[in-house]
Amino acid sequence: MPGKLKVKIVAGRHLPVMDRASDLTDAFVEVKFGNTTFKTDVYLKSLNPQWNSEWFKFEVDDEDLQDEPLQITVLDHDTYSANDAIGKVYIDIDPLLYSEAATVISGWFPIYDTIHGIRGEINVVVKVDLFNDLNRFRQSSCGVKFFCTTSIPKCYRAVIIHGFVEELVVNEDPEYQWIDRIRTPRASNEARQRLISLMSGELQRKIGLKVLEMRGNAVVGYLQCFDLEGESGLVVRAIGTACTLDKLSSPAAFLPACNSPSKEMKESPLVHPPSHGCRSTHNSPIHTATGSRLTQNFSVSVPTLIYTGMGSGSAGKEGGPFKALLRQQTQSALEQREFPFFTLTAFPPGFLVHVGGVVSARSVKLLDRIHNPDEPETRDAWWAEIRQEIKSHAKALGCHAVVGYSESTSICEEVCILSASGTAAVLNPRFLQDGTVEGCLEQRLEENLPAGCGFCHIPYDELNMPFPAHLTYCYNCRKQKVPDVLFTTIDLPIDATVIGKGCLIQARLCRLKKKAQAEANATAISNLLPFMEYEVHTQLMNKLKLKGMNALFGLRIQITVGENMLMGLASATGVYLAALPTPGGIQIAGKTPNDGSYEQHISHMQKKINDTIAKNKELYEINPPEVSEEIIGSPIPEPRQRSRLLRSQSESSDEVTELDLSHGKKDAFVLEIDDTDAMEDVHSLLTDVPPPSGFYSCNTEIMPGINNWTSEIQMFTSVRVIRLSSLNLTNQALNKNFNDLCENLLKSLYFKLRSMIPCCLCHVNFTVSLPEDELIQVTVTAVAITFDKNQALQTTKTHVEKSLQRASTDNEELLQFPLELCSDSLPSHPFPPAKAVTVEKASPMGEGNFRNRSAPPCANSTVGVVKMTPLSFIPGAKITKYLGIINMFFIRETTSLREEGGVSGFLHAFIAEVFAMVRAHVAALGGNAVVSYIMKQCVFMENPNKNQAQCLINVSGDAVVFVRESELEVVSTQQPTANCQPSCTGGEVTT
Amino acid sequence: MTSELDIFVGNTTLIDEDVYRLWLDGYSVSDAVALRVRSGILEQTGATAAVLQSDTMDHYRTFHMLERLLHAPPKLLHQLIFQIPPSRQALLIERYYAFDEAFVREVLGKKLSKGTKKDLDDISTKTGITLKSCRRQFDNFKRVFKVVEEMRGSLVDNIQQHFLLSDRLARDYAAIVFFANNRFETGKKKLQYLSFGDFAFCAELMIQNWTLGAVDSQVDDMDVDLDKEFLQDLKELKMLVADKDLLDLHKSLVCTALRGKLGVFSEMEANFKNLSRGLVNVAAKLTHNKDVRDLFVDLVEKFVEPCRSDHWPLNDVRLFLNQYSASVHSLDGFRHQALWDRYMGTLRGCLLRLYHD
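In this text, all values refer to a predicted model and were calculated from it rather than measured experimentally.

Trainee: Pulling in residues and values, what's your account of the overall build of chain B?
Mentor: Across its full length, chain B holds 21 helices and one strand. With respect to the principal axes defined by its C-alpha atoms, chain B has extents near 90 × 45 × 35 Å. Contacts in chain B between residues far apart in sequence, at least 24 positions, make up 70% of those at least 6 positions apart. With the model as given, the accessible surface of chain B reaches about 15,300 Å², and the carbon-plus-sulfur share is 49%. Each charge class in chain B can be summarised by its mean position, and for the 47 positive and 51 negative side chains these summaries are 3 Å apart.

Trainee: Before we move on, could you go through the pattern of salt bridges and cite the residues and values that matter?
Mentor: Residue and element names in this part refer to chain B. Counted by the stated rule, this structure contains 50 salt bridges over all chains. Put simply, Arg342 and Asp227 hold a salt bridge, and the shortest N to O gap is 3.1 Å. Placement of Arg342 in helix H21 (residues 337–354) and of Asp227 in the loop between helix H13 (196–210) and helix H14 (228–233) is noted, with a sequence separation of 115 residues between them. Between Asp298 and Lys285 there is a salt bridge; the shortest N-O distance is 3.4 Å. Pair noted here: Asp298 is in helix H19 (residues 295–309) and Lys285 is in helix H17 (residues 265–285), with a separation of 13 residues, a long-range link.

Trainee: Mind laying out the confidence of the model for chain B, listing which residues take part and the relevant values?
Mentor: Residue and element names in this part refer to chain B. Looking at chain B, the pLDDT average stands at 90 and 97% of residues meet or exceed 70. Considering each helix and strand of chain B separately, the mean pLDDT is smallest for helix H8 (residues 114–118), with a value of 82, and largest for helix H1 (residues 17–24), with 95. This prediction of the complex comes with two scores: 0.82 for pTM and 0.89 for ipTM.

Trainee: Outline the nonpolar core, listing residues and values.
Mentor: With 247 residues, the main nonpolar core has Leu70(A), Ile122(A) and Phe320(B) as its most contacted residues. Here the element with the most residues in this core is helix H20 (residues 902–924) of chain A; it accounts for 15 residues. Setting aside chain neighbours within four positions, we find Leu70(A) in contact with Leu5(A), Val7(A), Val31(A), Lys32(A), Phe33(A), Phe58(A), Val89(A), Tyr90(A), Ile91(A), Ile93(A) and Val126(A). Membership of the second largest hydrophobic core comes to 45 residues, among which are Cys453(A), Cys456(A), Ile490(A) and Val960(A).

Trainee: Describe the packing of aromatic side chains, naming the residues involved and giving the relevant values.
Mentor: To describe a pair of aromatic rings, you give the distance between the ring centres and the angle between the ring planes. In the structure shown here, the tally under the stated rule is 52 aromatic pairs over all chains. Between Phe141(B) and Tyr173(B) the ring centres are 5.7 Å apart and the planes differ by 75°, which places this aromatic pair in the edge-to-face class. On the criterion of sequence distance, the pair formed by Phe141(B) in helix H10 (residues 131–148) and Tyr173(B) in helix H12 (residues 167–182) is long-range, its members being 32 residues apart. In this structure Phe141(B) comes out as buried when scored by relative accessible area, which is 1%. Ring geometry for Phe178(B) against Phe184(B): centres 5.8 Å apart, planes inclined by 40°, an arrangement best described as tilted. Both residues of the pair, Phe178(B) and Phe184(B), count as buried. Among the aromatic residues, those joined into a cluster by ring pairs are Tyr20(B), Trp23(B), Phe63(B), Tyr96(B), Tyr97(B), Phe99(B), Phe103(B), Phe141(B), Phe163(B), Tyr173(B) and Phe196(B). If you follow Lys247(A) out to its NZ or CZ, it ends over the ring of Tyr156(A), 5.4 Å from the centre. The side chain of Arg342(B) reaches across the aromatic face of Phe230(B), ending 4.1 Å from its centre.

Trainee: Could you give an account of the packing of H17(B) against H19(B), with specific residues and numbers?
Mentor: All names here are of chain B. With their axes 10 Å apart at the nearest point, H17 and H19 run at an angle of 175° to one another. By the angle between their directions, the pair H17 and H19 is classed as roughly antiparallel. Only Leu295, Asp298, Leu299, Lys302, Phe303, Pro306 and Cys307 of H19 make contact with H17, whose side of the interface consists of Leu275, Gly278, Leu279, Val282 and Lys285. Of the residues belonging to the contact of H17 with H19, the class tally is eight nonpolar, one polar and three charged.

Trainee: Any chance you could break down the side chain of Thr40(A) for me, citing the residues and the numbers?
Mentor: Residues and elements named next belong to chain A. Among the secondary structure elements, Thr40 is positioned in the loop between strand S3 (36–39) and strand S4 (56–60). Relative accessible area serves as the criterion here: at 9%, Thr40 is assigned to the buried category. Setting aside its immediate chain neighbours within four residues, Thr40 contacts Ile9, Phe28, Val29, Trp51, Ser53 and Phe56.

Trainee: Give a description of the pairing of strand S13 (residues 352–366) of chain A that names residues and reports values.
Mentor: Moving residue by residue along a regular strand, the side chains alternate between the two faces of the sheet. Residue and element names in this part refer to chain A. Among the 15 residues in S13, 14 count as buried, and that is most of the element. The pairing of S13 with strand S15 (residues 415–427) spans 13 bridges and is classified as antiparallel. Across the sheet, the residue bridging to Val355 is Ala425, located in S15.

Trainee: Any details on the environment of Gly350(A)? Residues and values, ideally.
Mentor: Residues and elements named next belong to chain A. Locating Gly350 in the fold gives a position in the loop between helix H9 (321–328) and S13. Residue class for Gly350 comes out partly exposed when judged on its relative accessible area of 21%. Taking the C-alpha atoms as reference, Gly350 lies 6.8 Å from Asn428; in sequence the two are 78 residues apart.

Trainee: Describe in detail the domain arrangement of chain B, supporting the description with residues and values.
Mentor: Residue and element names in this part refer to chain B. Here chain B is described as being made up of domain 1 (15–82), domain 2 (99–208) and domain 3 (227–352). Centre-to-centre, using C-alpha coordinates, domain 1 lies 26 Å away from domain 2. Listed by partner, the interface residues are seven residues for domain 1 and nine residues for domain 2. Taking both sides of the interface into account, the surface hidden between domain 1 and domain 2 amounts to around 780 Å²; carbon and sulfur atoms contribute 57%.

Trainee: With reference to specific residues and values, describe the side chain of Asn550(A).
Mentor: Residues and elements named next belong to chain A. Inspection of the secondary structure assignment puts Asn550 in the loop between helix H12 (518–546) and strand S20 (551–561). Of note is the side chain of Asn550, whose polar atom sits 2.7 Å from the backbone nitrogen of Leu577. Only 3.4 Å separates the side chain of Asn550 from the backbone oxygen of Leu580, close enough to count as a polar contact.

Trainee: Go over unusual backbone geometry, please, and point to the residues and values.
Mentor: Residue and element names in this part refer to chain A. In the segment running from Ile757 into Pro758, the intervening peptide bond is cis, with an omega of -5°. Along the chain, Pro758 falls in the loop between helix H17 (731–752) and strand S26 (759–772). Its identity as a non-glycine residue notwithstanding, Arg215 has a phi of 70°, on the positive side. Assignment of secondary structure puts Arg215 in the loop between helix H2 (185–213) and strand S11 (218–228). For Ser932, which is not glycine, the phi dihedral falls at a positive 50°. Note that Ser932 resides in strand S30 (residues 929–943).

Thresholds, definitions, all that
- Residues numbered from 1 in each chain as written.
- Chains lettered and ligands numbered in written order.
- Predicted model: local features only at pLDDT ≥ 70, side-chain atom pairs only at ≥ 80, totals over all residues.
- Heavy atoms only, no water.
- Helix = DSSP H or I, 4+ residues; strand = E, 2+ residues; numbered from the N terminus.
- Contact = heavy atoms within 4.5 Å.
- Areas by Shrake-Rupley, 256 points an atom, 1.4 Å probe, with all protein chains shown as cover.
- Lys, Arg positive; Asp, Glu negative; His and termini not counted.
- Charge placed at Lys NZ, Arg CZ, Asp CG, Glu CD.
- Salt bridge = Lys/Arg side-chain N within 4 Å of Asp/Glu carboxyl O.
- pLDDT = per-residue confidence, 0-100.
- Core = buried A, V, L, I, M, F, W, Y, C linked by side-chain atoms within 4.5 Å.
- Buried < 20%, exposed > 50% of the residue type's maximum accessible area, 1.4 Å probe, protein only.
- Phe/Tyr/Trp six-rings, centres within 6.5 Å; stacked < 30°, edge-to-face > 60°.
- Lys NZ or Arg CZ within 6 Å of the ring centre and 35° of its normal.
- Axes fitted to C-alpha atoms, helices over the stretch in contact; angles between N-to-C directions.
- Parallel < 35°, antiparallel > 145°, perpendicular 65-115°, else oblique.
- Nonpolar A, V, L, I, M, F, W, Y, C, P; charged D, E, K, R; others polar.
- Pairing = 2+ DSSP bridges.
- Domains from an automatic or database assignment.
- Buried area = accessible area lost by both parts, 1.4 Å probe.
- Polar contact = N/O pair within 3.5 Å; in protein donor to acceptor, adjacent residues only side chain to side chain.

Structure follows, in structure tokens:
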């Protein structure tokens with residue numbers, strides 16, 4: 001019995017009127033945890049009851065503490081009939097279970113009812129007393145920290161990055177149980193909310209156990225998803241990256257790393273204390289001496305390896321850490337891991353050595369009822385299969401790891417498409433484990449690694465290429481071979497040298513399919529998939545060329561299955577990497593020769609395309625320096641001779657990946673418009689309108705080429721559903737509709753946010769679903785961040801001055817690339833004068849505005865502002881504390897759709913309510929922001945004839961405390977010498 | 001391809017001031033879109049009509065959701081659903097409770113009842129303000145009235161506290177509540193030249209001096225109801241005109257003091273008794289509710305119009321009223337000096353404000 005949960009119900013406010021006669025409410029509260037329930041007194045006749053209850057104490061196992069949510073129900077007392085429920089609050093107490101996070105949850109929570117929405121608020125205080133439990137074979141994993149952020153969280157450093165953890169749990173969906181026929185929609189919704197809450201608690205606990213077995217203390221890039229499989233059940237699955245994190249708390253460690261964040265955040269949120277991560281591996285307080293010796297020679301993700309085949313659900317139960325340990329002793333590091341996958345998209349410097357390209361795998365499955373929820377074998381086997389495929393793809397690319405890894409599903413009736421994708425990469429094993437045998441290898445890699453372009457160099461063998469590709473010598477260092485185009489699922493590495501700005505690139509595609517049942521349906525889908533992948537890829541490639549760019553980051557391809565169609569939507573951020581060759585243009589060729597008008601038409605099209613490319617180059621400021629051998633005198637220390645050790649690894653694999661399909665055509669870039677289809681494609685290429693001036697957009701964390709963010713941010717979710725006219729449903733019409741839908745949506749966003757110009761939409765995340773036959777739903781979540789044009793100039797100047805000093809390039813055009821992110825210069829630039837200006841200009845202004853604006857009558861506002869962002873950072877601010885993950889699932893249903901303003905009114909209100917509940921939970925934890933926020937699911941179903949609608953939303957993120965830089969200034973002025981420190985430490989890595 | 005659903009929800013609720021104004025003015029979505037198109041926004045932003053339509057719908061939906069909260073502004077501050085910066089909250093409230101001059105002149109002094117609400121159609125036709133906007137303004141008046149009518153303490157403070165309005169707007173509402181409660185007639189033709197500001201000015205003076213709150217700050221309705229006792233006492237002033245000696249003495253005192261200082265001296269001298277009778281009789285009649293209602297009609301009839309027809313300049317009116325009030329202190333036979341000052345002090349202020357073309 002290692003924990004005591006204490007709950008106090010303080011007061012309520014804005015309660016709804018439950019008694020029509022008196023226009024008042026007699027409210028009381030039930031507090032439930034596990035099977036124990038407490039009640040407050042009834043507070044008679046008030047809409048603002050003051051219960052001020054005693055402390056309700058629950059004595060519980062920590063296992064339960066992790067699994068169960070605290071359930072608070074507000075009811076209206078009725079003497080003669082049953083008490084009416086007003087609404088509920090579910091509080092996840094997990095953040096109270098690890099010492100560094102929140103210590104108390106206290107605040108106003110919206111009282112939520114699945115039928116009526118938010119109905120007033122309740123003030124609750126929750127505390128947990130944990131007793132130390134020395135039992136090593138326990139089932140709980142209290143103390144393991146979870147982060148949704150897909151990079152090493154800001155105030156931590158990575159001691160070891162252990163690797164992939166995954167788990168899934170299944171259950172019957174209460175909505176499809178027999179009892180659902182006789183219970184109210186409210187009861188059914190609440191059963192579902194509660195079940196999912198329980199399942200995610202359990203899942204998190206099990207993942208935590210695996211992390212403990214790996215001797216880690218945290219999960220980074222934690223992604224949890226629900227598969228609503230309908231009749232066949234409910235699957236909750238999660239993946240993440242197990243790490244050993246060390247909090248940067250001692251002043252010595254704190255200063256160099258966190259003194260720079262003002263700069264760090266602005267220029268790139270991904271920067272991590274460069275050398276510290278590696279250096280302190282050996283004296284980490286978390287890894288005791290014995291611990292590190294023991295871990296020396298085994299693969300840390302082995303628990304997964306051994307048990308996945310039989311269902312990883314049981315992994316935690318069978319093997320104690322010691323047992324697992326013995327088995328692992330003989331295995332060597334990375335190559336032996338079952339799944340050398342990392343859900344991270346940004347890495348500590350030096351971690352990423354080479355990037356091979358995107359690897360992805362999909363499979364179509366028929367859902368069957370999950371008979372025994374305790375044995376989720378089938379689902380586990382399915383994922384294991386896909387992961388194997390990903391792994392072999394990566395191998396074929398000469399890579400031993402996959403980074404930026406993610407998994408997703410799309411379900412329609414009993415067909416399910418499982419997808420996984422990531423970026424094949426070669427990693428520096430230093431971070432993966434301390435004291436490995438490959439020590440010397442790393443050393444050499446470290447020494448010879450050219451910064452800024454190293455990750456572009458091909459990891460596969462030139463003579464044994466897995467697919468035909470154009471290779472050239474790197475335009476940066478001129479020593480190694482690079483491909484002509486690079487696709488990845490990760491964020492742009494901070495040390496990458498980029499020319500100009502980036503932009504959001506999307507490929508959109510629809511394919512009709514016949515309605516079919518079971519196997520026939522699955523087969524039809526399987527047959528369509530490769531073609532869709534190919535076309536999506538071609539579209540991406542063409543659009544990239546059209547933008548005059550040569551690399552894609554953050555690539556995410558979503559394939560959605562519906563009753564009678566398949567939709568593909570790929571989003572990525574295109575950039576021009578200085579290391580890769582200039583992309584050639586697009587040539588159009590017709591197959592019907594000797595037709596005058598036709599040729600004229602073609603030449604007309606060709607001209608249009610060329611014009612567009614030229615225009616885009618100007619728009620995105622892509623002015624690569626003239627390619628002449630002498631000028632590329634790079635400021636970066638040139639590597640003498642790179643070790644060829646890595647090469648040999650790829651030779652062992654001779655597999656050919658599915659991906660090669662698309663690469664096959666790469667060298668040509670000739671569009672043959674021999675039929676109307678292709679003609680359509682060319683047209684659609686040209687219909688994409690660039691964002692209005694002052695706007696940029698990307699789906700990565702930050703926009704390459706912009707580094708002077710102000711503190712003004714606006715996160716938003718936009719949802720559109722269109723109904724297709726069922727008549728002329730051809731592939732072309734469908735494509736056009738879908739394309740228009742996405743383009744119009746973007747246009748609307750630009751218009752809505754026009755007051756924020758100059759501004760960039762970051763982390764633009766599109767999700768497509770097909771809720772019904774003729775309906776297409778697109779959900780977009782992104783954050784708009786304003787940047788300062790004037791500051792851009794300043795930074796550019798400083799930067800240019802720098803580059804003038806160190807390089808021979810005094811080319812005018814160099815002025816055009818402010819974001820020449822060279823690893824050796826940027827993270828280490830102290831910019832003392834520039835920084836001071838930045839800080840003074842940006843933050844106090846925002847603060848000042850805020851203060852001025854608070855007009856006297858509103859000064860007594862009690863609601864604190866909570867920022868939300870899908871990014872891992874907050875511009876102009878420093879995150880000082882992570883309070884735990886927010887993972888919330890809500891259902892909202894209505895039987896009076898028209899009265900609530902139709903579907904738009906209903907969903908608008910619901911999303912606003914979800915935001916409100918997220919903010920309230922964060923505020924109650926003592927936080928003032930949610931970072932890495934994501935709306936993972938937004939399932940909307942309507943039945944206008946019955947005046948009904950239902951929506952399920954699942955969101956997650958990291959609750960944090962941030963401090964404005966202006967407030968930090970006091971600290972930094974006290975230690976002026978500290979400013980130069982990061983430059984010294986940063987320099988060590990590269991020199 | 002038709003849009004079934006189209007929403008945008010920001011973590012910070014986006015408020016477009018222009019669209020808010022259109023919404024408050026009661027325009028339908030399509031009218032608002034047309035007006036926005038005319039404003040040239042499409043050319044400025046390069047947006048399409050469809051984008052504008054979607055944007056307008058979205059804002060209208062937001063405003064519709066906010067309206068419930070705007071009915072009780074403190075709720076807007078404490079609610080958790082919409083995250084709105086304080087400056088924006090203040091703007092939303094202030095604009096929502098703002099009213100049109102043309103509208104308020106139609107309703108001022110009328111009972112805020114269902115009956116009046118039915119007349120809103122006519123008011124809408126007459127003023128050109130949309131019926132929707134008329135309803136909102138009327139409901140605002142009524143809502144504020146209901147909340148503060150039986151409340152203790154300063155009227156302006158109460159309004160400010162419960163509706164979080166700016167000082168200026170709260171004062172206007174105090175006037176509206178005061179007029180509605182006392183049902184002062186403001187709609188007569190001869191009062192048409194007066195603005196809402198004129199009435200609000202008078203209301204403020206009357207609240208300060210003539211209500212219960214002027215003598216005792218601890219009673220209910222203190223600022224809303226006139227001090228009945230005071231009105232009753234005003235009968236005593238009648239002797240100023242009934243007693244012929246007193247009237248003559250008063251006249252001579254005023255004339256002596258003003259001789260040579262007034263451009264319209266002879267007119268004043270000739271009219272003195274009429275004017276004085278008028279002003280004192282107004283006071284004496286205030287015991288009857290009906291006469292209270294006609295206060296402004298009487299003031300205009302008995303004082304403003306006679307002076308205006310003789311083309312008194314405003315400064316002469318001021319000099320006259322000052323002297324007229326002050327001279328009473330020298331009337332030995334008159335004992336109600338304090339009462340006179342309480343009455344005339346306010347009336348002088350009102351008359352000076354009402355005296356214009």
